[in-house]
Amino acid sequence: NAGVTQTPKFRVLKTGQSMTLLCAQDMNHEYMYWYRQDPGMGLRLIHYSVGEGTTAKGEVPDGYNVSRLKKQNFLLGLESAAPSQTSVYFCASSTGGQEDYEQYFGPGTRLTVT
Amino acid sequence: LAKTTQPISMDSYEGQEVNITCSHNNIATNDYITWYQQFPSQGPRFIIQGYKTKVTNEVASLFIPADRKSSTLSLPRVSLSDTAVYYCLVGDGWGKLQFGAGTQVVVTP
């Protein structure tokens, strides 16, 4: 199993450009998450999904949109990139449920907005 | 989500035991304590989880006192490859994890 994969690994955008980050998991997990991590800081939850067709806001959702059209995929969109969105983005997935504490993380996408 | 406090950094030598204590004074009755490890340029990796007393797996032990207001992650006989950031998280499940700044552990020969 590949686990959680993220595409692309690196990206440079100009301010105002848009892009979509793709996350895919092959573990049949119900829950999926998008986090961002700024230098020297912990991860902050952007959006998450508790099942196909559902999404919800996390701690820092502004400037991002997400979609979960298929169970195995979770897309993160930036409609108009800003320098403040320069960060490393991690996707994760988990089985879901009340005793769900083990999340499986992807390798990350390093995004720079100039 | 209960707030957690842990040391910013810890240094150790190879072969020693490393103990990282996390404070979570506002932990709720339904909350579990979970620890993650993160290497540079990688996503975090689940290490261990517990509710009370002691939990042990192949890589670490987790000690939780009766009042559950703190917990200690114990890494036995660390090696250079244990150099990483360790995060303590508290939550009631349902996928909600809140990462703090973590503890940078540096292991030297």
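Below: a short report on this structure. Quantities reported herein were computed from a predicted structural model and do not represent experimental measurements.

Scoring rules and cut-offs
Residues numbered from 1 in each chain as written. Chains lettered and ligands numbered in written order. Predicted model: local features only at pLDDT ≥ 70, side-chain atom pairs only at ≥ 80, totals over all residues. Heavy atoms only, no water. Helix = DSSP H or I, 4+ residues; strand = E, 2+ residues; numbered from the N terminus. Contact = heavy atoms within 4.5 Å. Pairing = 2+ DSSP bridges. Axes fitted to C-alpha atoms, helices over the stretch in contact; angles between N-to-C directions. Buried area = accessible area lost by both parts, 1.4 Å probe. Salt bridge = Lys/Arg side-chain N within 4 Å of Asp/Glu carboxyl O. Nonpolar A, V, L, I, M, F, W, Y, C, P; charged D, E, K, R; others polar. Buried < 20%, exposed > 50% of the residue type's maximum accessible area, 1.4 Å probe, protein only. Phe/Tyr/Trp six-rings, centres within 6.5 Å; stacked < 30°, edge-to-face > 60°. Lys NZ or Arg CZ within 6 Å of the ring centre and 35° of its normal. 1 Å grid on protein atoms, 1.4 Å probe; cavity = no way out; pocket = protein on both sides within 12 Å on 5 of 7 lines; lining within 4 Å. Points joined across faces, edges and corners; volume = space filled by probe spheres on them.

### Description of the environment of T108(B)
- Take T108(B): it is sitting in strand 9 (residues 103-108).
- Ignoring any residue separated from it by four or fewer positions in sequence, one finds T108(B) in contact with S12(B), Y13(B), E14(B) and L80(B).

### Quick notes on the sheet that holds strand 6 (residues 61-64) of chain B
All names here are of chain B.
- Taken together, the four strands give an open sheet; going across it, the order is 2-7-6-5, and neighbouring strands pair in antiparallel fashion. The sheet terminates laterally at strand 2 (18-23) and strand 5 (53-56), the two strands that pair on one side only. Across this sheet, the average inter-strand angle for adjacent strands is 15°, counted without regard to direction.
- Direction of pairing for strand 6 relative to strand 7 (residues 70-75): antiparallel, over a ladder of three bridges. The residue bridging L62 from the neighbouring strand is L73, located in strand 7.

### Quick notes on the interface of chain A and chain B
- Listed by partner, the interface residues are 21 residues for chain A and 22 residues for chain B.
- Summed over both partners, the interface of chain A with chain B buries about 1800 Å², with 54% contributed by carbon and sulfur atoms.
- Our count for the contact surface shared by chain A and chain B stands at zero salt bridges.
- If you list the elements that add at least two residues to the side of chain A that touches chain B, you get strand 4 (31-37) and strand 5 (43-49) of chain A.
- Broken down by element, the side of chain A that touches chain B gets its largest block of residues, four residues, from strand 4 of chain A.
- Considering only residue class, the side of chain A that touches chain B consists of 10 nonpolar, seven polar and four charged.

### Concerning the pairing of strand 3 (residues 32-38) of chain B
Residue and element names in this part refer to chain B.
- Of all seven residues in strand 3, six are buried, a share of seventy percent or more.
- Where strand 3 meets strand 8 (residues 84-91), seven bridges bridge the pair, whose relative direction is antiparallel. Counterpart to Q37 in the pairing with strand 8 is Y86.
- Sheet analysis places strand 3 next to strand 4 (residues 45-50), joined by five bridges and oriented antiparallel. Residue pairing in the sheet places T34 in a bridge with Q49 of strand 4.
- Here strand 3 hands over to strand 4 after six residues, with S41 in that stretch at a positive phi of 65°.

### Considerations on the pattern of salt bridges
All names here are of chain A.
- Counted according to the given criterion, the structure contains three salt bridges over all chains.
- Residue R36 pairs with D38 through a salt bridge whose shortest N-O separation is 2.9 Å. Each of the two residues, R36 as well as D38, counts as buried.
- A salt bridge links R44 to D38; the nearest nitrogen and oxygen atoms lie 2.6 Å apart.
- The class of R44 is partly exposed, set by a relative accessible area of 23%.
- A residue is classified by how much of its surface remains accessible, and D38, at 12% relative accessible area, is buried.
- Shared partners join several salt bridges into a network, and the residues in it are R36, D38 and R44.

### Notes on the packing of aromatic side chains
- Enumeration over the complete set of coordinates arrives at 11 aromatic pairs over all chains.
- Among the aromatic residues, those joined into a ring-pair cluster are Y31(A), Y33(A), Y35(A), F105(A), Y36(B), F46(B), Y87(B) and F99(B).
- The ring of Y51(B) carries the charged tip of R68(B) above its face, separated from the ring centre by 4.0 Å.

### Quick look at the environment of T112(A)
All names here are of chain A.
- Mapped onto the secondary structure, T112 falls in strand 11 (residues 109-113).
- Put simply, T112 and G58 are 54 residues apart on the chain and 22 Å apart in space, counted from C-alpha to C-alpha.
- Not counting the four nearest positions on each side in its chain, T112 is found in contact with R11, V12, L13 and T86.

### A short note on the layout of surface pockets
- Its volume calculated, the largest pocket comes out at about 510 Å³.
- Every element with two or more residues in the lining of the largest pocket is listed here: strand 9 (87-94) and strand 11 of chain A together with strand 8 of chain B.
- Here the lining of the largest pocket gets three residues from one element, more than from any other, and that element is strand 8 of chain B.
- Here the residues of the lining of the largest pocket are counted per class, giving 12 nonpolar, 10 polar and three charged.
- Within this model, the second largest pocket holds a volume of roughly 220 Å³.
- In terms of lining, the second largest pocket is formed by 13 residues, of which the most central are F105(A), G43(B), P44(B), R45(B) and F46(B).
- Broken down by secondary-structure element, the contributors of at least two residues to the lining of the second largest pocket are strand 10 (104-105) of chain A together with strand 4 of chain B.

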